[in-house]
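One letter stands for each residue in the lines below.
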Amino acid sequence: LRSNRRTKKRKVSRIKCLKNIIPERSKRTYYLNSMRLFGKKFSFNQRESYPPIKINKPLENERHHFPENTIRTTKYSIILFLPKFIWEQLRRLTVSYILISVVISFIRSISPLSPWPSLLSFVLILSIAACREVFDDVRRYRADKEVNQKLYTILDPDTGRMIQIQCKDIKVGNIIKLEDGQQVPADIVLISVSNKESICYIETTELDGETNLKMRRPTSVTSDLNEAQLATLDGVLICENPHHSINIFKGSLMVYDPQGNFNGVRLNSQYVLLKNTVLKNTPSVFGVVAYTGEDTKIALNQKATPTKMSTLDKQLSLYVIIFIIIQLLICTVEAVFSGVFQQKILDGYWYLPAADPTTTGVLAFFQYFVITSNVIPLSLIVTLELNKMMQSKFVEFDAEMRGSDGDSAIAKTSSLNDELGLIQYVFSDKTGTLTENKLEFKRCSVKGRMYEAHELKKLKGQTVQKDLVEFLIIISLCHHSVPFWDDEQEKLVYRSSSPDEDALVKAAQEFGYELVSVSFDCIEIKVQDEPHSYTPLAIIEFSSERRRMSVVVRNEQGEIWLLSKGADSTMMERCVSIKEEEGVSHLREFSEDGLRTLVFGKRLVSEEEFSSFQKRFVEIEDQSTATAQAFFDEFERGLHFVGITAIEDKLQELVPETIDFLTQVPVFSIFFTNGHDRTTMVHLSLFIIQCLFSLPNIIKN
């Protein structure tokens, strides 16, 4: 790093500090330029480390030749279309067979037929297949073009103003502004969030399939900067070499003030917004672009567009093999008879030219091969190619397959149309697919007593049992929700990472246990209008594997508590001495009613245990690793059972009718997947069957 400071002493001190901030360089090779040929990636101009990124200095970053921020999902290019297309077609047995027949027919000493009809048939088949491939690839190109030309707002370092540019023109080192609902165009490091809590949420469905929102925070050295200060921001972003792991990131950020001093901070994956994630429940954020184009994690995980074969194509190839075997047997028999006929009969006639029986047999084999080559119906191949193109257009023309916004369905590939008629199994998620995903708090069970939602509302402002108070406080603390004031509704509303958390926090608010504010070092709640503050010490994230989340907080008395919530299948085994009368029977009852259940637990943590936990916790960079999971599993043991919540998620309209329509096809088998418990899923399925067949006794059976 170059320094423009006046004294050599200051320069040396800065370099020494950098050694403590900059992460160790990995030994992976950074590929500067690359190309794809026949599905393989060839790279040039290799370098051992990722260059440092100068913030707000685009000219200095350009000399490192970072890749352009373009997306390309097309299968072919103009230059390589012909060789790659022929290579892909020759992998199909039928095309290879026809090519062999054409080559043999051009040998005049062997072929008794004219080669031109076979050649024209071969060219016709390739032409139709080429038209279909071009048709599919043009649609991919248009989709790529639409993404590459999306407009995004960046901070112009020359004028200090916000300007709009296309996605493909975004450069490494740009400061980009994203608003709620926008898709992230590149891998960026979060530096500022518009809300006072300095928390934003992202949806990572396109990366890992998770629908729950994930929380991200900006760096501490830049979280307080406004737009004008960001325009003059002077700093360096150090990143590791690009790699494919979406949960791991190592880097550091250094920011200089006008006096020449700098602040540095280490970075991990919690500070990064990856490409194709979507900003949710956050007004706006600012970030520094770290990786673009081929260096983004989603691009490194992307595979070349494969050549897919449908079941019909595979069956046709099998039939072709059978026909070829039969044809070869016929040609072999005819060749043997020709050789024998030449030796036994024709050689006795002096006026006929003499010929070697073996040569006669070999020539006869190829002659009969050309004559019988029409055993493979070429018209069938042509018809299939044309039908696939027409069927894909019919899918787009179908008015009943349009979305609520009026957009038509898109057939991304026309080679798999026939697979739609061969579906035997339907796997369906419950939440958001069968249900509306609009959750409502219905009941809860605390120490063996059940409370309806309307009962808890009546208890607001009254003196209630201590166990119920602790239960509702835990609901107000154990979550990822962030409150903000809504001028239209004139009350606090919440941004949450999942509908479950949103329903629970809103219910606690209605019952008199209101979440007031959330920050890095304080969580404020009101318990029956009486303010209380807690210090958040650690958050163990929810994941589909863990099926639970936990927070560690310090209360006003200085006690450290571990608060956990999750599915009963994982929480019950972690709670000690649970009695049947404390709510286990209620859990079964909630599940039988088709309600979503969550079990809450807590335990007191000593200062010594927390000190040991914190030392290991701060070293964990990726909570999804097996080592981290084992560490958390050990820590989240010995919980004391607190209570159970029951949330209703109603079925969407026409769900029974849709399933009834699918079950009219005798080959269909329908499976439902559920992330909570088996009892809930069984009773939901029985309820659907009851709706379908109107058999009240089926529940009893």
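All values reported here derive from a predicted model rather than from experimental measurement.

Student: How would you summarise the overall build of the protein if you had to cite specific residues and measurements?
Tutor: A tally of helices and strands in the protein yields 20 helices and 29 strands. For the protein, the residues scored as buried account for 42% of the 701 residues in total. For the protein, restricting intrachain contacts to residue pairs at least 6 apart in sequence, the fraction spanning at least 24 positions comes to 67%.

Student: Give a description of the side chain of Arg546 that names residues and reports values.
Tutor: Along the chain, Arg546 falls in the loop between strand S23 (530-540) and strand S24 (548-554). When its relative accessible area of 3% is taken as the criterion, Arg546 is described as buried. Of note is the side chain of Arg546, whose polar atom sits 2.9 Å from the backbone oxygen of Glu541. Excluding anything up to four places from it in sequence, Arg546 contacts Ile540, Glu541, Thr570, Gln629, Phe632 and Glu636.

Student: Describe in detail the pairing of strand S11 (residues 251-256), supporting the description with residues and values.
Tutor: The buried fraction of S11 amounts to six of the six residues, a majority that puts the element mostly inside the structure. Every second residue of S11 is oriented toward a common face, with Gly251, Leu253 and Val255 on one face and Ser252, Met254 and Tyr256 on the other, all of them buried. Looking at chain direction, strand S10 (residues 234-239) and S11 are connected through six bridges and run antiparallel. Opposite Cys239, over in S11, you have Gly251 as the bridge partner. Two elements, S11 and strand S12 (residues 262-267), share six bridges in a ladder whose sense is antiparallel. Along S12, the bridge assignment pairs Tyr256 with Phe262.

Student: Any details on a nonpolar patch on the surface? Residues and values, ideally.
Tutor: Taken together, the side chains of Leu318, Tyr319, Ile322, Phe323, Ile326, Ile330 and Val375 present a nonpolar region at the surface, about 600 Å² in accessible area. Here Leu318 shows up in helix H9 (residues 311-344). A residue is classified by how much of its surface remains accessible, and Leu318, at 48% relative accessible area, is partly exposed.

Student: Tell me about the packing of helix H5 (residues 116-148) against helix H11 (residues 378-397), and please be specific about residues and values.
Tutor: For the pair H5 and H11, the least separation of the axes is 9 Å and the interaxial angle reads 20°. The orientation of H5 with respect to H11, classified from their angle, is roughly parallel. For the pair H5 and H11, the sense of crossing is left-handed. Across the interface between the two elements, Ser121, Leu124, Ile125, Ile128, Ala129, Cys131, Arg132, Phe135 and Arg139 from H5 touch Leu378, Ile381, Val382, Glu385, Leu386, Lys388, Met389, Ser392, Lys393 and Glu396 from H11. Of the residues that constitute the contact of H5 with H11, the class distribution is 11 nonpolar, two polar and six charged.

Student: Describe the sheet that holds S10, naming the residues involved and giving the relevant values.
Tutor: Across the sheet, which stays open at both edges, the four strands sit in the order S3-S10-S11-S12 with antiparallel pairing between neighbours. The open sheet has two free edges, formed respectively by strand S3 (53-54) and S12, since each of these has just one partner strand. Pairing between S3 and S10: two bridges, direction antiparallel. By the bridge assignment for S10, Ile53 is matched with Leu237.

Student: Describe helix H3 (residues 81-90), naming the residues involved and giving the relevant values.
Tutor: Buried within H3 we find Lys84, Phe85, Glu88 and Gln89. Seen end-on, H3 carries its buried residues on one side only, within an arc spanning 135°. Those residues of H3 that are buried lie in contact with helix H4 (93-105) and H5.

Student: Before we move on, can you summarise the packing of aromatic side chains with the specific residues and values?
Tutor: According to the stated counting rule, one finds 16 aromatic pairs in the structure shown. Each ring, one from Tyr50 and one from Phe66, has its centre 5.3 Å from the other, and the planes form 50°; the classification is tilted. Of this pair, Tyr50 sits in the loop between strand S2 (40-47) and S3 while Phe66 sits in the loop between helix H2 (58-62) and H3; the two residues are 16 residues apart in sequence, bridging distant segments of the chain. With centroids separated by 6.3 Å and ring planes inclined at 80°, the aromatic side chains of Phe249 and Tyr291 adopt a geometry described as edge-to-face. Pair noted here: Phe249 is in the loop between S10 and S11 and Tyr291 is in strand S15 (residues 284-291), with a separation of 42 residues, a long-range link.

Student: Lay out the sheet that holds strand S6 (residues 175-179) with the relevant residues and their values.
Tutor: Pairing is antiparallel across the open sheet formed by six strands, whose spatial order is S5-S4-S6-S15-S7-S13. The open sheet is flanked by strand S5 (162-166) and strand S13 (272-273), the only strands paired with a single partner.

Student: Report on the confidence of the model for the protein, specifying residues and quantitative values.
Tutor: Counting all residues, the mean pLDDT for the protein is 80, and 86% of those residues have values of 70 or more. Ranking the helices and strands of the protein by mean pLDDT puts strand S25 (residues 560-566) first, with 93, and strand S1 (residues 30-37) last, with 40. Within the model, pLDDT remains below 50 along residues 1-45, and this stretch shows 87 contacts once partners closer than five positions in the same chain are excluded. Across residues 695-701 the pLDDT falls below 50, and counting only partners more than four positions away or on other chains, this stretch makes seven contacts in the model.

Student: Hey, could you go over the pattern of salt bridges for me, with residue numbers and the actual values?
Tutor: One pass over the full model with this rule turns up 28 salt bridges. Across the salt bridge formed by Glu648 and Lys442, the nearest N and O atoms sit 3.5 Å from each other. Taken as a pair, Glu648 in strand S28 (residues 639-651) and Lys442 in strand S17 (residues 435-446) lie far apart in primary sequence, 206 residues in all. The class of Glu648 is partly exposed, set by a relative accessible area of 22%. Linked through salt bridges whose partners overlap, the residues forming this network are Arg546, Arg548, Glu573, Arg574, Asp633, Glu636 and Arg637.

Student: Break down helix H10 (residues 357-371) for me, with residues and values.
Tutor: Between the first and last C-alpha of H10 there are 21 Å, a value that for 15 residues agrees with the 21 Å anticipated at 1.5 Å per step. Buried positions along H10 lie against H4 and H9.

Student: Summarise the nonpolar core; cite the residues concerned and give the values.
Tutor: Judged by nonpolar contacts, the single largest core of 42 residues is most densely connected at Phe441, Phe471, Phe511, Ile525 and Phe600. For this core, the leading source of residues is helix H13 (residues 466-477), giving seven residues. When neighbours within four sequence positions are excluded, Phe471 is seen to be in contact with Cys444, Val446, Phe600, Val642, Gly643, Ile644 and Thr645. Within the second largest apolar cluster, 25 residues are counted, among which are Ile53, Ile175, Val189 and Tyr291.

Thresholds, definitions, all that
Residues numbered from 1 in each chain as written. Predicted model: local features only at pLDDT ≥ 70, side-chain atom pairs only at ≥ 80, totals over all residues. Heavy atoms only, no water. Helix = DSSP H or I, 4+ residues; strand = E, 2+ residues; numbered from the N terminus. Buried < 20%, exposed > 50% of the residue type's maximum accessible area, 1.4 Å probe, protein only. Contact = heavy atoms within 4.5 Å. Polar contact = N/O pair within 3.5 Å; in protein donor to acceptor, adjacent residues only side chain to side chain. Pairing = 2+ DSSP bridges. Patch = residues over 30% accessible without salt bridge, like charges linked within 9 Å, V, L, I, M, F, W, Y side chains within 5 Å. Areas by Shrake-Rupley, 256 points an atom, 1.4 Å probe, with all protein chains shown as cover. Salt bridge = Lys/Arg side-chain N within 4 Å of Asp/Glu carboxyl O. Axes fitted to C-alpha atoms, helices over the stretch in contact; angles between N-to-C directions. Parallel < 35°, antiparallel > 145°, perpendicular 65-115°, else oblique. Left-handed = near helix turned anticlockwise from the far one by under 90°. Nonpolar A, V, L, I, M, F, W, Y, C, P; charged D, E, K, R; others polar. Arc of directions from axis to C-beta. Phe/Tyr/Trp six-rings, centres within 6.5 Å; stacked < 30°, edge-to-face > 60°. pLDDT = per-residue confidence, 0-100. Expected span 1.5 Å × (residues − 1). Core = buried A, V, L, I, M, F, W, Y, C linked by side-chain atoms within 4.5 Å.

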